[in-house]
Amino acid sequence: MNNTFIDWWREHKAEYQALLFDIDGTLLSAGKALPGAEELLAFLRVNKFPFFLLTNDGNHSTEEKSELMAQAGLHVASDEIISCAMALEQFIEEWSCPEETFFVMGDLGVPCFAERVGLKVCRDPKKINDCYGIIVGEGFYNWQDNISAAFNFLIKYPERPLVVPNPDSYWPGRVEGEYGIGAGAKARFICGLLDEMDIKVEPIYLGKPYKVIFDYSVAVVKRRFGIADLDMSKMMMIGDLLKSDIRGANQYGMVSALVMTGVTDEKQAAEAQGEFKPDLIFKTLG
């Protein structure tokens, strides 16, 4: 295990073309910037090194996320952030469903990620049957009414899309040691109920570790920094979660780096195998 990422990076930066950082548990923890985070991002900007922050937070727009990070002491521009919900753009292309109406459970940011890509949004459970499909958001909302509506909708229309920008089951909360329940857990709960009725519905996941968000992120890096020949073996993903950050990077062919400042403990890191095993491990960023 290496000590700090920033010390290692100063020696090895010439070996890489671009970096992707997770946010919660990697750059922030319990609502505060982690040691070295501000210094590292400033160093990358000064050296004009390509990087983005890649988050499974789909219930805050990039503008909202930028503001929340500033309140935590980490200053990041909204256009330096890529959210899992931005991959709705690819979903629309694959399903050929521009301008369709989707029932949205919970939040999808302000401005709304779905509306930004041209979809119409319904949040009234009584009108769910008029919708093309469902998008599972997060935040504070009436789970009982929304989950019941989604469950009954998919009983009638199991072929309709159940889109889940954030596949995570849980995420580190703003209070140290506490966790929130993610959109992925809510979607899998609904699908578990359907499975008991022999109705098979596969959620369409957009965020880490799924390929769609990495495709989107790589395209953004290439476009923003003009890197036509981006080599995945020279692109690194740094995060705190084995099942999303590390697994996603490994599946995509990127270099994976784990920081021990989030939800993964030393035992889990040491025992990780296969696509869950990080290429590099760091105690902290700085």
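Before reading further, recall that the structure is shown in the block above.
Cut-offs used in this document
- Residues numbered from 1 in each chain as written.
- Predicted model: local features only at pLDDT ≥ 70, side-chain atom pairs only at ≥ 80, totals over all residues.
- Heavy atoms only, no water.
- Helix = DSSP H or I, 4+ residues; strand = E, 2+ residues; numbered from the N terminus.
- Buried < 20%, exposed > 50% of the residue type's maximum accessible area, 1.4 Å probe, protein only.
- Polar contact = N/O pair within 3.5 Å; in protein donor to acceptor, adjacent residues only side chain to side chain.
- Contact = heavy atoms within 4.5 Å.

**Student:** Which residues make up unusual backbone geometry, and what values go with them?
**Tutor:** Along the chain, Val110 connects to Pro111 via a cis peptide bond; the corresponding omega equals 0°. Take Pro111: it is sitting in the loop between strand E7 (101–105) and helix H5 (113–116). The amide bond that connects Lys208 to the next residue, Pro209, takes the cis arrangement and shows omega of 10°. Tracing the sequence through the fold places Pro209 in the loop between strand E13 (204–205) and helix H8 (211–225). For Ala30, which is not glycine, the phi torsion reads 50° and is therefore positive. Here Ser96, not a glycine, exhibits a phi torsion of approximately 50°, which is positive. By the secondary structure assignment, Ser96 is in the loop between helix H4 (88–95) and E7. Residue class for Ser96 comes out exposed when judged on its relative accessible area of 59%.

**Student:** So what about the side chain of Glu138? Which residues, and what values?
**Tutor:** By the secondary structure assignment, Glu138 is in the loop between strand E9 (133–136) and helix H6 (143–156). A polar contact is formed between the side chain of Glu138 and the side chain of Asn166, at a distance of 3.0 Å. Setting aside anything within four residues of it in sequence, one finds Glu138 in contact with Asn56, Gly58, Asn59, Met105, Gly106, Asp107, Asn166, Trp171, Ile181, Gly182, Ala183 and Lys186.

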